Amino acid sequence: MSPPATAAPVLELRDVHKSFGGTPIIRGVNLAVKRGQRHALIGPNGAGKSTLFNLISGHYVPSAGQILLNGQPIAGLTPYAINRRGLSRSFQITSLFPRMSVAENLRISVMGRHGLRFSLFRPVRALAQVAAEVDEYLEKLRLTRRRDDPAGALAYSEQRALEIGMALATNPEVLLLDEPTAGMSREESAYTVALIRAVTEGKTLLVVEHDMSVVFTLCDQISVLVYGEIIASGEPEAVRVNPKVQEAYLGEEVAT
Amino acid sequence: MSSRARRLGLLPAFGGVLLVLPLLLTPNLVNAVIKMMIAGLFALSFSLAMGQAGMLSFGHSAYYGLGAFATLHLMKAVERSLVAWPTPLLPLAGAAAGLLCGLAFGWLATQRTGVYFAMVTLALAELLLTLAPTWNSVFGGEAGISTMRMNSWSIDFASDRGVYYLTLAWVAGSTWCLWAFTRTPMGRLALAVRDNEHRVRFLGFNTHGAKTLIFAISTMFTGVAGALLAIANEATNYTIFSAQASANVVLQTFIGGAGTFFGPALGAAIMTFFARVTSDLTRSWLLYQGLVFVIVMLFVPDGIGGLISVHAHRLRASAFKHLTLPYLVCLVVGVLLLVGVVFTVESVHVVLSDAYAVLRRANGGALVPYSLFGRQFHPLSPWTWAIPLVSILAGAALLPVARRLTRHGWSRAVGESAA
Amino acid sequence: MEFLIVSVLNGVVHGLLLFMVSAGLTLIFGMMGVLNFAHAWFYMLGAYVGFTLTRTVGFWAGLIAAPLIVGGCGVLVERYMLRRVHKYGHTHELLLTFGLAFIIEELIKLCYGDFPVNYAMPAYMKFAAFTLYETNYPFYRLFMGIVALAMFAALYVLLTRTRVGIVVRAATLKPVMVEALGHNLPVVFMGVFAGGAALAGLAGAVAGAFFPTGPNMAVDFGTLVFVVVVVGGLGSLEGALVASLMIGLFISFSVGLNWSLSDLLALVGLGGWAREVGGLLTLQLSTVAASMPFLLMLLVLLIRPAGLFGDRQ
């Protein structure tokens, strides 16, 4: 289904540590995500999944270790610099521009990708290329009919779709999705998974997810994070039968 | 679409009125309109930072003042024939001063957000206010600096009329620029920063840089407003940096409505006009302005501009008939409350004034009648205090009626417009 | 030596007064996220209440009534105004208190005129506490310091040793959790707001009798108070104390020193050049003493943006 993974990892973490006030949260994580992979990061609550995402996306600076994007170190860079190098993320708690329209939300993302950052001397309506891309994303996200509504007025699952769409619209190589189906009903969740599969065709994905059915339908690689360490990494079936994983995390979930 | 057409028709009409105004008004009123336009531009540029990007600055008088001083220095240089600079282009000096200082101060202030940002901008303005009177060479000490306007391009700038058209041209041009800004990618980015700065950072934008630039654009046009003031007054001193000037622009912007584009200019023009008109009648204008501001903050959070825009966008012209009676009742309530408050404030003012104390001493300490609005009132007579008491009580009693009527009228009007 | 001791004493007393006002401000901010712009105007209100009662009833009556009356105003402001606009966000709350500051100042001007009033301490308090070399040190300055210290001790005991104090401190950190535990958060908010206002009122009544009591006192003192809470870290009581003392000392020393940048440059042999350039370089420290706190604040913001004791943005 997905394009063949090339040998060199597009995103690589080498012995990454992070402590908050002396308390180690991430304790030496090594992780390699190859191009085109759909990589799930799972683990019990408090394992440090969100912290790891914040480290990769530049919200936090690692206490030690290296993070490489296409072989270039990105640890310690600002979020915007990391985004410009081709890594974008969505948020677990929906983070939109609630008073702006859906189309405008996407337009901000698309503008950044086209380098229209501090552009002052032409009206935004005249940017045909940007407008076309926004329409394309609206179509893909099935939000065309709501394009002029304020983002704050959307239904929850639509907001989640827009949340992912904004991260996607910066056209990154690597997309980090933080619990894309959090707080959704089973139907909404299935809808969102199908949407993610469709819109992220050909992208490298790293997904934090709690819902195992989502993980197994969406991803082709799984890493298990427990107490700040990766205890297993590999194909879903291999991870499922890994005794350490069974013991630490999956056992209870799979059993139910 | 019809409301859009209506608004588009309104603009040239308004411009036309402004163009012929000096031919109709007395010099004193022409001067008042000049000050209203300057206040309007000041409020518009302030609201570029506040309304668009959510940066509440309590120190915009700094850039207003710096624009004014920079322009006066250039005017002095022209006066001494050090440079040849045409008078109509003087505001460029204000723009440059505003832009440069805005970049430097803005870089510092935009490191923080929300109330921290407000405090830093306040401190920067206070810094200037305390430094200016001791720095003779730049700010002319306590006396300030003054100079003369030169005629150029064969335009007579000695008259108010010349200044009027100069101000009008610059205010119109600046307003167009500020409006156009909201349509640029940068302008849209400003809105995104206001809504959710955190997310903007993860979409590939350097938000600190963006905020610095937005702030500097705001201060640049503030500098232009300061320059226009300097040209109109031909003088200024360090008090232009005072907290009062910064406070005024905040008050006027929010009374006008920071969420709309033209609201702040409207608020500033109205407030400046009333300040001017009432300055001979009352010394309590600032109190009234403060009261209006607090009432707007409590009951009309979107300001006058917000009210107008709601009416323009949600109602059809035919639906206004449902609102005639409710608004009439609201007007009566407003007038009653206004009479009560104004009578009380002005009476207190007169009775506690030094002049009245002298009068009392001349009469052996008795509470003699005082004159207000051309009539005599006795401070101890129950009839005197019945006036404010009755009008305030009547207003307060009618207030719930007015609110109920307005609610009903509004829902019927909206219903009809939607149908 | 004499200059040193007097400056330290003046600075500490001034700092303690600043702390009395900034303590309430920083507590209110920490709990409610509201930066009460009108806080220093409560201080001014306290001074005028003290002045009015001193003339009619007596100095001590003023000292007792001022915090009560100003605290009562705080209750009204919180209950009927701030709570109303809470839903529009913190900026709106800040703006509302900004408008209130404006109204308080104009009402004061309306009732008491534009010029300072003659609010004086009782004659029996006008004596020198001690004489240092040739300087008579006024007793009242010490009195102000003692009142501030007593207030600080009372506040400290209240916050650390009582149940109410524990709830208040918990509410500064996690308001939602405190509410979930069954405490009536709106009442706690109102209490803290009123308490903060009362402290400012007391400080005003005490300090107004020594420093000039006029319609400008709020804006002059208020900007200093804002500097204190930003430097100390908004929401931090310890930070407010340290920053108050720092700024008090800073001001009292810079008022007495005639240094200028040219003197500094003279140390590296550039004195002559600096005096020729003039302007900023020859401004004496004493004449720009009023600017110093703002410079300090900018410095702190550059080096440690969260303030000395602040830990959150």
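Residues numbered from 1 in each chain as written. Chains lettered and ligands numbered in written order. Predicted model: local features only at pLDDT ≥ 70, side-chain atom pairs only at ≥ 80, totals over all residues. Heavy atoms only, no water.

Colleague: Help me out: how do you make sense of the pairing of strand β3 (residues 38–42) of chain A in this one?
Modeller: Consecutive side chains along a regular strand alternate between the two faces of the sheet. Residue and element names in this part refer to chain A. Along β3, five of the five residues are buried, which leaves the element largely enclosed by surrounding structure. Alternating residues of β3 divide into Arg-38, Ala-40 and Ile-42 and His-39 and Leu-41, and every residue in both groups is buried. Of the strand pairs in this sheet, β3 and strand β8 (residues 204–208) are connected by four bridges, and their pairing is parallel. The residue of β8 that forms the bridge with Arg-38 is Leu-205. (Buried < 20%, exposed > 50% of the residue type's maximum accessible area, 1.4 Å probe, protein only. Helix = DSSP H or I, 4+ residues; strand = E, 2+ residues; numbered from the N terminus. Pairing = 2+ DSSP bridges.)

Colleague: How should the interface of chain B and chain A be read in this particular structure?
Modeller: One frequent convention defines the size of an interface as the accessible area lost when the parts assemble. Contact with chain B, which involves 25 residues of that partner, is made by 35 residues of chain A. Carbon and sulfur atoms make up 66% of the surface buried where chain B meets chain A, a total of about 2,700 Å² over both sides. Contact with chain A buries surface across chain B, with Pro185(B), Arg199(B) and Phe202(B) losing the most and accounting together for 28% of the total. There are three salt bridges connecting chain B and chain A. Salt-bridge contacts for Arg99(A) lead to Asp195(B); the nearest nitrogen and oxygen are separated by 3.1 Å. Here chain B is connected to chain A by 12 residue pairs in polar contact (both at pLDDT 80 or more). Elements supplying a minimum of two residues to the side of chain B that touches chain A: α8 (185–201) and α9 (207–233) of chain B. No other element matches α8(B), which puts 13 residues into the side of chain B that touches chain A. Here the residues of the side of chain B that touches chain A sort into 13 nonpolar, six polar and six charged. (Contact = heavy atoms within 4.5 Å. Buried area = accessible area lost by both parts, 1.4 Å probe. Salt bridge = Lys/Arg side-chain N within 4 Å of Asp/Glu carboxyl O. Polar contact = N/O pair within 3.5 Å; in protein donor to acceptor, adjacent residues only side chain to side chain. Nonpolar A, V, L, I, M, F, W, Y, C, P; charged D, E, K, R; others polar.)

Colleague: Would you explain the domain arrangement of chain B in this entry?
Modeller: Residue and element names in this part refer to chain B. When its domains are assigned, chain B resolves into domain 1 (3–302) and domain 2 (315–418). On a C-alpha basis, the centroid separation for the pair domain 1 and domain 2 is 33 Å. Summing the contributions of domain 1 and of domain 2, the shared interface buries around 510 Å²; its carbon and sulfur component is 52%. The interface formed by domain 1 and domain 2 holds zero salt bridges in total. Where domain 1 packs against domain 2, one counts one residue pair in polar contact (both at pLDDT 80 or more). (Domains from an automatic or database assignment.)

Colleague: Sorry if this is basic, but what is going on with helix α2 (residues 39–56) of chain C here?
Modeller: Note that an α-helix has 3.6 residues per turn; residues three or four places apart therefore point the same way. Along its 18 residues, α2(C) runs 26 Å from first to last C-alpha, staying within 8% of the 26 Å computed at 1.5 Å per residue. Among the 18 residues in α2(C), 14 count as buried, and that is most of the element. (Expected span 1.5 Å × (residues − 1).)

Colleague: Looking at this structure, I do not really get the sheet that holds strand β7 (residues 174–178) of chain A. What am I missing?
Modeller: Note on sheets: strands pair through backbone hydrogen bonds, and any given pair is parallel or antiparallel. Residues and elements named next belong to chain A. In space, the six strands of this open sheet follow the order β6-β7-β8-β3-β9-β10, with mixed pairing throughout. Every other strand in the sheet has two partners, leaving β6 (87–89) and β10 (229–234) as the edge strands with one partner each. Within this sheet the neighbouring strands show an average axis-to-axis angle of 20 degrees, counted without direction. Across three bridges, the pairing between β6 and β7 is parallel. Counted as the bridge partner of Ser-88 is Leu-175 from β7. (Axes fitted to C-alpha atoms, helices over the stretch in contact; angles between N-to-C directions.)

Colleague: What should I look at first to understand the sheet that holds strand β2 (residues 23–34) of chain A in this one?
Modeller: All names here are of chain A. Across the sheet, four strands lie side by side as β2-β1-β4-β5; this open sheet has antiparallel pairing. Only two strands of the sheet have a single partner each, and these edge strands are β2 and β5 (72–73). Bridge count for strand β1 (residues 9–20) against strand β4 (residues 64–69) is five bridges, and the pairing is antiparallel. When the bridges of β4 are listed, Glu-12 appears paired with Leu-68. Across the sheet, helix α1 (residues 49–56) lies against β1, β2 and β4, angled at about 115 degrees from β1, the strand it touches most.

Colleague: When you look at the pattern of salt bridges in this model, what are you seeing that I'm missing?
Modeller: With the rule as written, the count across this model stands at 19 salt bridges over all chains. With its nearest N and O atoms 3.3 Å apart, the salt bridge here joins Glu12(A) to Arg14(A). On the basis of relative accessibility, which here comes to 38%, the residue Arg14(A) falls in the partly exposed class. Of the charged contacts, one joins Glu163(A) and Arg199(B) as a salt bridge, the two residues approaching to 2.4 Å between their closest N and O atoms. Taken as a pair, Glu163(A) in helix α5 (residues 156–168) and Arg199(B) in helix α8 lie in two separate chains rather than in one. Like Arg199(B), Glu163(A) is buried.

Colleague: What's the story with the packing of aromatic side chains in this structure? I'm lost.
Modeller: How two aromatic rings sit relative to each other is set out by the distance from centre to centre and by the angle between their planes. Tallied over the full model, the rule gives 30 aromatic pairs over all chains. Judged by centre distance (5.1 Å) and plane angle (80 degrees), the ring pair of Phe91(A) and Phe202(B) falls under edge-to-face. Of this pair, Phe91(A) sits in the loop between β6 and α3 (102–113) while Phe202(B) is found in the loop between α8 and α9, placing the two residues in two different chains. Accessibility assignment for this pair places Phe91(A) and Phe202(B) in one class, buried. Taken together, Phe59(C), Trp60(C), Phe139(C), Tyr140(C), Phe143(C), Phe210(C) and Phe211(C) form an aromatic cluster joined through their ring pairs. The lysine or arginine in question, Lys18(A), covers the ring of Phe20(A), its NZ or CZ lying 5.2 Å from the ring centre. If you follow Arg79(C) out to its NZ or CZ, it ends over the ring of Tyr80(C), 5.2 Å from the centre. (Phe/Tyr/Trp six-rings, centres within 6.5 Å; stacked < 30°, edge-to-face > 60°. Lys NZ or Arg CZ within 6 Å of the ring centre and 35° of its normal.)

Colleague: Would you explain the side chain of Thr200(A) in this entry?
Modeller: Examined against the element boundaries, Thr200(A) turns out to sit in the loop between α6 (186–199) and β8. Those residues in contact with Thr200(A) that lie beyond four places of it in its chain are Arg38(A), Leu168(A), Leu175(A) and Leu205(A).

Colleague: Would you mind going over the environment of Ala169(A) with me for this structure?
Modeller: Residues and elements named next belong to chain A. Looking at the secondary structure, you find Ala-169 in the loop between α5 and β7. Placed 33 residues apart in sequence, Ala-169 and Glu-136 show a C-alpha to C-alpha distance of 9.9 Å. Among residues more than four places away in sequence, those in contact with Ala-169 are Leu-106, Ser-109, Val-110, Arg-113 and Tyr-137.

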